[in-house]
Amino acid sequence: MTTGDDCGTSGAARAEWRPWIFVAAVSVVVVIVNATSNILELQRAGLEFHWWEPVTWEVSSALIIVALAPLIGRAVQRWPPGRDNWIRPGLIHLALTVPFSLIHVGAIYVMRNGVYWLMQDHYGFFDDGVGLVLVYEWRKDLLSYATIAAVYWVFDYIAARRRAAPQLADDRIEIRDGGTAVFLAATDILFVEAAGNYVEFHTAAKTHLVRGTLAAWEERLSRRGFARVHRARLVNRAHVTALKPTSSGDVEIALSDGRTVGGSRRYRTALEIASA
């Protein structure tokens, strides 16, 4: 069973992961380039070193930066820079580079010391002084923060443009009725009803039996004007013509084609919205 337009919560989740995946992929390339460059430069300088040292430096730094990337993305969403309002967000992000750098430096110090300890070697990260190292690392972390923030901003900008763009695609709903693909306009569907492991789509002309669950279809149809009025039934608000309370507290729902379906008092709020 497929639909042509509804991405649902899984689509939103994928959209949130895309900039992080992009940052992670770029970080892998950066690690390879920087590690091999460091190895070559150390060899040319005639310095003694172990091959795992440059690899440890780059991998530890990349792991922490990639782990912190989603937090930068959240900060960009919270304080997005705009054409007419970039000074305040810019200052906020500049200030955030300080804790970002401190976390980065602290984490790589612990990770690298752990590796050097396992290799029975010494890691002199702060041999030149704590202050000098922190300033040096903050300068690099400033560029890393800005780059990651730009990536998240671009992804958010593209997503916003797509949401704002006019929907030119086919707006019909594709269902599988047996072995046949049927395309229904949402406005043609009167109500949808659970039937065991299947769901019935009722139109004025025909009923289509589709394998699936009512809960899954509710998630996709709620944005099309459908409301749950019973544990086993959704109705199209546009086709509700009248509501008639029953002695049990439930309600009879009159539809535009003359049919009447039952609604439960448990879904009174949805029923009231449907009749509005």
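The structure presented is a predicted model; accordingly, all values stated were derived computationally and were not measured.

Observations regarding the confidence of the model for the chain
For the chain, per-residue confidence averages 86 on the pLDDT scale, and residues scoring 70 or more make up 88% of the total. Predicted confidence is poor over residues 1-10, with pLDDT under 50, and the contacts of this stretch with residues over four places away or in other chains come to 19 contacts.

Quick look at the packing of aromatic side chains
One pass over the structure, following the stated rule, counts 11 aromatic pairs. Note on Phe22 and Phe155: the rings are 6.0 Å apart at their centroids and 55 degrees apart in plane angle, and the pair reads as tilted. Separated by 133 residues along the polypeptide, Phe22 in helix H1 (residues 8-44) and Phe155 in helix H4 (residues 130-164) bring together distant segments of the chain. Taking relative accessible area as the criterion, Phe155 reaches 28% and is therefore assigned partly exposed.

Brief notes about the side chain of His239
Topologically, His239 is positioned in the loop between strand E7 (233-236) and strand E8 (240-245). On the basis of relative accessible area, His239 is assigned to the buried category, the value being 15%.

Quick notes on the environment of Tyr123
Along the chain, Tyr123 falls in the loop between helix H3 (87-118) and H4. Leaving out residues up to four positions away in the same chain, Tyr123 has contacts with Trp57, Arg112, Asn113 and Tyr116. Looking at Tyr123, its side chain comes within polar contact range of the side chain of Arg112, at 2.8 Å.

Considerations on the packing of helix H2 (residues 52-78) against H3
At a closest axis distance of 9 Å, the pairing of H2 and H3 adopts a crossing angle of 145 degrees. Two packed elements cross with a definite hand, and for H2 against H3 that hand is right-handed. A class-by-class count of the residues in the contact of H2 with H3 yields 17 nonpolar, 5 polar and 2 charged.

Comments concerning the sheet that holds E8
In spatial order, the strands read E8-E9-E10; together these 3 strands make up an open sheet with antiparallel pairing. Two strands lie at the open edges of the sheet, namely E8 and strand E10 (260-263), each paired on one side alone. Taken over all neighbouring pairs, the strand axes of this sheet differ in orientation by 25 degrees on average, direction set aside. Inspection of the sheet shows strand E9 (residues 251-255) paired to E10 by 4 bridges, in the antiparallel sense. Residue pairing for E10: Val251 is matched across the bridge by Gly263.

Thresholds applied
Residues numbered from 1 in each chain as written. Predicted model: local features only at pLDDT ≥ 70, side-chain atom pairs only at ≥ 80, totals over all residues. Heavy atoms only, no water. pLDDT = per-residue confidence, 0-100. Contact = heavy atoms within 4.5 Å. Phe/Tyr/Trp six-rings, centres within 6.5 Å; stacked < 30°, edge-to-face > 60°. Helix = DSSP H or I, 4+ residues; strand = E, 2+ residues; numbered from the N terminus. Buried < 20%, exposed > 50% of the residue type's maximum accessible area, 1.4 Å probe, protein only. Polar contact = N/O pair within 3.5 Å; in protein donor to acceptor, adjacent residues only side chain to side chain. Axes fitted to C-alpha atoms, helices over the stretch in contact; angles between N-to-C directions. Left-handed = near helix turned anticlockwise from the far one by under 90°. Nonpolar A, V, L, I, M, F, W, Y, C, P; charged D, E, K, R; others polar. Pairing = 2+ DSSP bridges.

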